[in-house]
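# Close look at the chain arrangement
What follows is the residue order along each chain.
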Amino acid sequence: RPSGLYLFAAVNDPSRLADPDATRIYCGDSVEVYVDDDGSFARPATYDTQGTRQFVMAAPFDDVTPQQNGRVFRGTTSLGVWTGGTFRSFPTAGGYAVEAFVQAADLGLTTWTLTA
C-alpha cells in the first residue's frame, strides 16, 4: 500500500506457547518479520541504522483473546516495545494468525515511498 507494508501470516501450531515474559517474546511462539525500506545495505552484513527493523509479534496466550505484544530490533539490539498499535495476533482453531501494517515511523523514517 502507498502508506505502508501490510503483512499477514497464518501459523499452524495447535500447541502454541507464548513466552509470558514480554521482554523475551522471541523465546516462545511468535512471528518474526524483517523489513528493509530500500533493499540495500549502507555497509554489507549490517542493518541500516534507519530503515531496517526486525519485528517480533508474540502468539496469543489463550484460545480466545487477541494479543498485541511486539518488540522491535535493529540487528541484535532491542529498540523496545513495538508501540505503533498496527499489529495483532489472533487465536485460530489450529494455531494463530498475525496481521501487521508497517509504516515509515516503525522503521525510524519520516517518509517511505512504496511502489508496486
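Residues numbered from 1 in each chain as written. Predicted model: local features only at pLDDT ≥ 70, side-chain atom pairs only at ≥ 80, totals over all residues. Heavy atoms only, no water.

## Considerations on the overall build of the protein
When helices and strands are counted, the protein shows zero helices and seven strands. Going from the N terminus to the C terminus, the protein shows its helices and strands as β-β-β-β-β-β-β. Taking 13 Å as the expected radius of gyration for a compact globule of 116 residues, we find that the protein reaches 15 Å, a close match to that expectation. Each principal axis of the C-alpha atoms in the protein carries an extent, and together these give about 40 × 30 × 20 Å. The buried share of the protein, taken over its 116 residues, is 39%. A sequence separation of at least 24 residues applies to 54% of the contacts in the protein between residues at least 6 apart. Surface summary for the protein: the accessible area is close to 6700 Å², and the carbon and sulfur share equals 54%. Taking the 8 positively charged and 13 negatively charged side chains of the protein as two groups, their mean positions are separated by 5 Å. (Helix = DSSP H or I, 4+ residues; strand = E, 2+ residues; numbered from the N terminus. Rg over C-alpha atoms; globule rule 2.2 N^0.38 Å. Buried < 20%, exposed > 50% of the residue type's maximum accessible area, 1.4 Å probe, protein only. Contact = heavy atoms within 4.5 Å. Areas by Shrake-Rupley, 256 points an atom, 1.4 Å probe, with all protein chains shown as cover. Lys, Arg positive; Asp, Glu negative; His and termini not counted. Charge placed at Lys NZ, Arg CZ, Asp CG, Glu CD.)

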